[in-house]
Amino acid sequence: MNRLLPPLALIAGLACAIPASAQFQKSEDAIKYRQGAFRVMAEHFGRIGAMANGRVPFDAKVAQENMALVVALHKLPFSAFAEGTDKGAPQRARPEVWKDGAKFKAAIERMMSEVAKLDAAAKGGSLDAVKSAFGATGGACKACHDDFRARDYSSN
Ligand code: ASC
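Computed from a predicted structure; not experimentally measured.

Undergrad: Any details on the overall build of the protein? Residues and values, ideally.
TA: Secondary structure summary: the protein contains six helices and zero strands in total. The N-to-C order of helical and strand elements in the protein reads α-α-α-α-α-α. Relative to its full complement of 156 residues, the protein shows a buried share of 29%. In the protein, the proportion of contacts linking residues at least 24 apart, taken out of those at least 6 apart, comes to 76%. A total of about 9400 Å² of accessible surface is found on the protein, and carbon and sulfur atoms cover 60% of it.

Undergrad: Go over the pattern of salt bridges, please, and point to the residues and values.
TA: One pass over the structure, following the stated rule, counts twelve salt bridges. Two residues, Asp 29 and Lys 26, come together in a salt bridge whose shortest N-O distance is 3.3 Å. Using a relative accessible area of 26% as the deciding quantity, one classes Asp 29 as partly exposed. A salt bridge links Glu 109 to Lys 105, with the shortest nitrogen-to-oxygen separation between them at 3.2 Å. Within this pair, Glu 109 and its partner Lys 105 are both found in helix α5 (residues 101–124), separated by four residues, close to a single helical turn. A network of salt bridges, in which partner residues are shared, links Lys 26, Glu 28, Asp 29 and Lys 32.

What counts, and where the lines are drawn
Residues numbered from 1 in each chain as written. Predicted model: local features only at pLDDT ≥ 70, side-chain atom pairs only at ≥ 80, totals over all residues. Heavy atoms only, no water. Helix = DSSP H or I, 4+ residues; strand = E, 2+ residues; numbered from the N terminus. Buried < 20%, exposed > 50% of the residue type's maximum accessible area, 1.4 Å probe, protein only. Contact = heavy atoms within 4.5 Å. Areas by Shrake-Rupley, 256 points an atom, 1.4 Å probe, with all protein chains shown as cover. Salt bridge = Lys/Arg side-chain N within 4 Å of Asp/Glu carboxyl O.

See the structure below:
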């Protein structure tokens, strides 16, 4: 049994290392997946924003719960921008996503680092810290949208 464990661990590790993009049957599936992941993430990010902006009373537990969902979701869309997924369903991804992959990657990494800071702030329970980290995270979302998201949906 013990001798089986290392190979099993290796197989499990390899399965996790396979990019999620490889799992999509067709481009349309990848596009809908990333749009869905963005949509759900925006919903939970927005609930934290409502507290950060004073539209609803701050509740640290609710902020933490929503932030746990953002953390779980925030890498998912980026597993679904594989080559060839610029077509297949109406979308707002600009060609620059694939033409300027290094810049896109940097924008994603900036967002991920701000999400980690917002998560820490939510766990700390201070509204002031959440407000400031929420602003920085929203800034990272917006910077990427400005460069990589079109105003209108494509026709296919
Ligand atoms: C949100 C949301 C986004 C970001 C972005 C920040 O609540 O859905 O995509 O914030 O608008 O500028």
